[in-house]
Amino acid sequence: MKKIPVWIDTDTGVDDAVALVLASKLEELDIVGVSAVAGNTSLENAFRNARDVLSLVGREDVKVYAGADRPLFIKLFTAEKVHGSNGLGGAIIPLSKAEIEKDKAWDSLYEKAKELKGELVVCAVGPLTNIATAIIKHPDIVDLIKELDIMGGALIGGNVSPCAEFNIYTDPQAAETVFRSGIKVNMFGLDVTEKAYLNDEDCVQIASYGNKVSDLFRDSNESYRAYQSKMKRKGLCEHDSCPIMYLAHPEWFEGHECGIYVETQGTITFGKTVSDLWTDYKFEDRHCKAFLEVDREKFVEAIKEAYRSF
Ligand code: BDR
Ligand code: CA
């Protein structure tokens, strides 16, 4: 089987960690690089967590690069309530012994994109600061990336304001740079990721597998579980696993071609992803696909399988 070469850009919090675990187990994927960005937590935490989670799953061979420690223009807004002060909900795992990569995320991503001559798929599950910086610094990268699969945005609603989702709200200027770049964007927003949840029974099951990776799941998700139940959600939304899972199982997802703009102004609309999907007015720039549905049962089973197999 020809594997999909994927680069993962992450602000390694608790659901990012699940996505990394999943990616390490999906045989359809070849993880060719990982970059860290500030978002859920500081860059320092995100970088260390990405390295340590990869080490825990036996993938110290995957190189991890540090990127932006703050958004392009605005102050960093983190999410400690969900991800804890270390980004992993307070869970402690062994430090990776892999050599520390010194190159910047955007330069390494560019080099990898050139090496793969248009075959590279980028999966970005944090604020889009690193990807925007790569586009600004290396404009020809837009023709070298096959597609960009992002967790971010929402056609309806939001989780940090009535109409904005965290990853986009944290750096809307970066997001708009990426959406306007011409790269084909598959957007996994809250519309679909809130349907991709693990209920209490699923969480208890994963926590019972008794291996070091399922122990991390148990220990890192306590604050996230408490937060979700306070918000009266059905369970733990595995936002960041959606674009990763899509790469291996596109048939489990339903999306629609559309145009998407990011609102970078305004007090209430700041960070909103505006789509032309349900209007007669169509934007000129329509190279996005917004995903709205997922086969939750299959999605959950694949996550469980990943954790069971360690
Ligand atoms: C997104 O924000 C972060 O808190 C999660 O890791 C996910 O990428 C959900 O809005
Ligand atoms: Ca994330």
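Shown above is the structure to which this text applies.
Residues numbered from 1 in each chain as written. Chains lettered and ligands numbered in written order. Predicted model: local features only at pLDDT ≥ 70, side-chain atom pairs only at ≥ 80, totals over all residues. Heavy atoms only, no water.

Draft legend 1. Structural detail: the overall build of the protein. Across its full length, the protein carries 13 helices and 12 strands. A compact globule built from 310 residues would reach a C-alpha radius of gyration of about 19 Å, and the protein, at 18 Å, matches this within 12%. Taking the principal axes of its C-alpha atoms as reference, the protein extends roughly 50 × 45 × 40 Å. With 310 residues in all, the protein has 61% of them scored as buried. A separation threshold of at least 6 residues defines the contact pool for the protein, and within that pool the share at least 24 residues apart is 82%. Surface accessibility of the protein: about 12,900 Å² in total, with carbon and sulfur atoms responsible for 51%. Taking the 36 positively charged and 50 negatively charged side chains of the protein as two groups, their mean positions are separated by 2 Å. (Helix = DSSP H or I, 4+ residues; strand = E, 2+ residues; numbered from the N terminus. Rg over C-alpha atoms; globule rule 2.2 N^0.38 Å. Buried < 20%, exposed > 50% of the residue type's maximum accessible area, 1.4 Å probe, protein only. Contact = heavy atoms within 4.5 Å. Areas by Shrake-Rupley, 256 points an atom, 1.4 Å probe, with all protein chains shown as cover. Lys, Arg positive; Asp, Glu negative; His and termini not counted. Charge placed at Lys NZ, Arg CZ, Asp CG, Glu CD.)

Draft legend 2. Spatial organisation of the environment of Leu 56. Positionally, Leu 56 belongs in helix H2 (residues 43–56). Leu 56 sits 37 residues away from Ile 93 along the chain, and the two C-alpha atoms are 7.7 Å apart. If we skip the residues at most four places from it in the chain, Leu 56 touches Ile 93, Pro 94, Lys 212, Val 213 and Leu 216.

Draft legend 3. Molecular detail of the coordination of the calcium ion (ligand 2). Here the calcium ion (ligand 2) is held by the protein donor atoms Asp 11 (OD), Asp 16 (OD), Asp 16 (OD), Val 125 (O) and Asp 240 (OD), which lie 2.3 to 2.7 Å from it. Taken in chain order, the donor set of the calcium ion (ligand 2) reads D-x4-D-x108-V-x114-D. Of the two residues, Asp 11 is situated in the loop between strand S1 (4–10) and helix H1 (14–25) and Val 125 in the loop between strand S4 (120–124) and helix H5 (129–137); the sequence distance between them amounts to 114 residues. Using a relative accessible area of 0% as the deciding quantity, one classes Asp 11 as buried. Residue classification places Val 125 among the buried positions, given a relative accessible area of 2%. (Donors = N, O, S within 2.8 Å, 3.2 Å for Na, K, Ca; no water.)

Draft legend 4. Focus on unusual backbone geometry. Phi is positive for Lys 117, close to 45°, though the residue is something other than glycine. Mapping Lys 117 onto the fold places it in the loop between helix H4 (105–115) and S4. For Lys 117, a relative accessible area of 68% corresponds to the exposed category.

Draft legend 5. The site of ligand 1, seen in detail. Every residue close to ligand 1 is listed here: Asp 15, Asp 16, Asn 40, His 83, Val 125, Met 151, Asn 159, Glu 165, Phe 166, Asn 167, His 239 and Asp 240. At a separation of 3.0 Å, an oxygen atom of ligand 1 approaches a polar side-chain atom of His 83. Contact between ligand 1 and Glu 165: an oxygen atom at 2.4 Å from a side-chain N or O atom of the residue. In isolation ligand 1 exposes 280 Å². Once the protein is present, 95% of that is buried. Mapped by element, the contributors of at least two residues to the shell around ligand 1 are H1 and helix H6 (166–170). (Near = heavy atom within 4 Å. Polar contact = N/O pair within 3.5 Å; in protein donor to acceptor, adjacent residues only side chain to side chain.)

Draft legend 6. Region of interest: the packing of H1 against helix H13 (residues 296–308). Between H1 and H13, the least distance of the axes is 9 Å, while the angle of their chain directions is 80°. In terms of orientation, H1 and H13 fall into the roughly perpendicular class. Contacts between H1 and H13 involve Val 18, Val 21, Leu 22 and Lys 25 from the former and Ala 302, Ile 303, Ala 306 and Tyr 307 from the latter. Across the contact of H1 with H13, the residue classes tally to seven nonpolar, no polar and one charged. (Axes fitted to C-alpha atoms, helices over the stretch in contact; angles between N-to-C directions. Parallel < 35°, antiparallel > 145°, perpendicular 65-115°, else oblique. Nonpolar A, V, L, I, M, F, W, Y, C, P; charged D, E, K, R; others polar.)

Draft legend 7. Region of the structure containing H5. Within H5, seven of the nine residues are buried, leaving the element largely enclosed by the surrounding structure. Thr 129, Asn 130, Ile 131, Ala 132, Thr 133, Ala 134 and Ile 135 are the residues of H5 that are buried. Of the surrounding secondary structure, the elements contacted by the buried residues of H5 are S1, strand S2 (29–36), H4, S4, strand S5 (145–151) and helix H7 (172–179).

Draft legend 8. Representation of the pairing of S5 in the model. Counted residue by residue, S5 has six buried out of seven residues, so it is predominantly covered. Pairing between S4 and S5: five bridges, direction parallel. Across the sheet, the residue bridging to Val 122 is Leu 148, located in S5. In this view, the connection linking S4 to its parallel neighbour S5 by way of H5 has right-handed handedness. (Pairing = 2+ DSSP bridges. Right-handed = clockwise from strand over helix to strand, strands pointing away.)

Draft legend 9. How the structure looks around helix H10 (residues 212–220). When H10 is considered as a whole, its buried residues turn out to be Val 213, Ser 214, Leu 216, Phe 217 and Ser 220. On an axial view of H10, the arc spanned by its buried residues comes to 150°, and they lie on one face. The opening residue of H10, the one whose side-chain oxygen lies 2.9 Å from the backbone nitrogen of Val 213, is Asn 211. (Arc of directions from axis to C-beta.)

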